[in-house]
Structure formats: structure tokens, C-alpha cells
Amino acid sequence: MKRFMIKLGNKLLQLCSDDAKCKKKQQAYNSLMLEYSKKETEELDFLYVSTKANYDAKKNFLSYFSVSVLITSFIGIGGFLFEVIGKMIQFYQTFSASERVLMQCYLYLVIFLTLLVAVVITVIISINVKELKKLQQRLLMIEIARKRKDCSCS
């Protein structure tokens, strides 16, 4: 039983290692390259053009989205937060104890919502970056397949 547990642990470590991930990626690459090598030149050209168009569209969206989010967050959310905090500090002494607690709850809610929006935007950007990376890898693979097809035809 002890040997079985040791072997099982070694297998799990092997599956989680970088070598296993690298081999899996290599197998996916090889199968996709084999698929591309079976396609005709016109099909590869169409795949290249459509993938390039998708890549450029995603890249443009990501850059415009990132810039607009940065500008909006610095101007809009930052200004709103400073205004709320400034008013709270200014009138904090004039409030009763129950109103102070209410203002603290309001402040925590505003901070929580701001952080929530920041996390959602970060997730959206990271998902788009990953998709952009996959599109770029696919684009490079199609270029390699096209070059190989051109070399074999000549």
C-alpha cells in the first residue's frame, strides 16, 4: 500500500510538472500543424486572413478598452472617491454616533464597489490578453504552414 501511494504521488507530481505541460502543448502543436499541412494553399490563405483580422480586431479592442478604462478610472472614480472622502472628513464631527456609523458603512460600500469594478475590468482585460496570445500563436503556425507549403511546391 505504501509503494502504491508513493507511485501515485510521483505520477501526480509528474503530471503537474512543466515537462508534462510542455509535452501536452507539443502534442497539440504537432496535431494542429498536421491539420494545417493537409489543407490546400487557398484554405491556408483564408485561415491566415481571417485569423489576422480577428487578431487585429482583438488587439484594437484591447488597446482602446484599456486606455478608456484608465482614463475613466482616474477621472471618474478617483474624483468621486476623493469628493466622498473629503465630505465625510469635513462633516464627520457634526454627525451623531449613528450617522457616523452610517457614513462609515457608506464609505465601505463605495470602496467595495470600486474594487469590484476594478477586479471585473482586470478579469476582462486578462481574458482578452490570453485570447490575443492564442490568436497570435495560431497566426504564426499558419504562417509556418504556408511557408512549408510554398517550399514544397517550388
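We now turn to the structure provided with this report. (Residues numbered from 1 in each chain as written. Predicted model: local features only at pLDDT ≥ 70, side-chain atom pairs only at ≥ 80, totals over all residues. Heavy atoms only, no water.)

## Remarks on the overall build of the protein
In terms of helices and strands, the protein carries four helices and zero strands. Reading the helices (α) and strands (β) of the protein from amino to carboxyl end gives α-α-α-α. Put simply, the protein has 154 residues, and 16% of those count as buried. Long-range contacts, defined here as pairs at least 24 residues apart, represent 82% of the contacts in the protein between residues at least 6 apart. Working note: accessible area of the protein is about 12,300 Å², and carbon and sulfur atoms make up 67% of it. (Helix = DSSP H or I, 4+ residues; strand = E, 2+ residues; numbered from the N terminus. Buried < 20%, exposed > 50% of the residue type's maximum accessible area, 1.4 Å probe, protein only. Contact = heavy atoms within 4.5 Å. Areas by Shrake-Rupley, 256 points an atom, 1.4 Å probe, with all protein chains shown as cover.)

## Describing the pattern of salt bridges
The final tally for this structure, using the stated rule, is two salt bridges. Here Arg-146 ties to Asp-45 by a salt bridge, and the two come within 3.1 Å at their closest N and O atoms. Of this pair, Arg-146 sits in helix 4 (residues 97–153) while Asp-45 is found in helix 3 (residues 41–91), placing the two residues 101 residues apart along the sequence. Between Lys-58 and Glu-131 there is a salt bridge, and its shortest N-O distance comes to 2.6 Å. Within this pair, whereas Lys-58 is found in helix 3, its partner Glu-131 is found in helix 4, the two being separated by 73 residues in sequence. (Salt bridge = Lys/Arg side-chain N within 4 Å of Asp/Glu carboxyl O.)

## Quick word on the nonpolar core
Counting 13 residues, the largest nonpolar core has Met-33, Tyr-36, Tyr-55, Ile-142 and Ala-145 as its most contacted members. Among the secondary structure elements, those contributing two or more residues to this core are helix 2 (18–38), helix 3 and helix 4. Top contributing element to this core by residue count: helix 4, with six residues. (Core = buried A, V, L, I, M, F, W, Y, C linked by side-chain atoms within 4.5 Å.)

## Thoughts on a nonpolar patch on the surface
Taken together, Leu-109, Phe-112, Leu-113, Leu-116, Val-120 and Ile-124 make up a surface patch of nonpolar side chains, about 520 Å² in accessible area. In this structure, Val-120 sits in helix 4. (Patch = residues over 30% accessible without salt bridge, like charges linked within 9 Å, V, L, I, M, F, W, Y side chains within 5 Å.)

## So, the packing of aromatic side chains
By the definition in use, this model includes one aromatic pair. Residues Phe-61 and Phe-65 carry aromatic rings whose centres are separated by 5.5 Å and whose planes lie at 15° to one another, so their mutual orientation is stacked. One end of the pair is Phe-61 and the other is Phe-65, both in helix 3 and four residues apart, which spans about a single turn. The positively charged end of Arg-146 is found above the aromatic ring belonging to Tyr-48, 4.4 Å away from the centroid. (Phe/Tyr/Trp six-rings, centres within 6.5 Å; stacked < 30°, edge-to-face > 60°. Lys NZ or Arg CZ within 6 Å of the ring centre and 35° of its normal.)

## Side note on the layout of surface pockets
Each pocket or cavity is described by its volume, and for the largest pocket that value is around 390 Å³. In terms of lining residues, the largest pocket is bounded by Lys-25, Ala-28, Tyr-29, Leu-32, Lys-130, Lys-133, Lys-134, Gln-137, Arg-138 and Met-141. Among the secondary structure elements, those contributing two or more residues to the lining of the largest pocket are helix 2 and helix 4. In terms of residues, the lining of the largest pocket owes the most to one element, helix 4, which gives six residues. Here the residues of the lining of the largest pocket sort into four nonpolar, one polar and five charged. Of the voids in this model, the second largest pocket is the one considered here, and its volume is about 180 Å³. Together, Val-69, Leu-70, Thr-72, Ser-73, Ile-77, Thr-114, Leu-115, Val-117, Ala-118, Ile-121, Thr-122 and Ile-125 line the second largest pocket. Those elements that provide at least two residues to the lining of the second largest pocket are helix 3 and helix 4. If you tally residues by element for the lining of the second largest pocket, the top one is helix 4, at seven residues. Looking at side-chain class alone, the lining of the second largest pocket contains eight nonpolar, four polar and no charged residues. (1 Å grid on protein atoms, 1.4 Å probe; cavity = no way out; pocket = protein on both sides within 12 Å on 5 of 7 lines; lining within 4 Å. Points joined across faces, edges and corners; volume = space filled by probe spheres on them. Nonpolar A, V, L, I, M, F, W, Y, C, P; charged D, E, K, R; others polar.)

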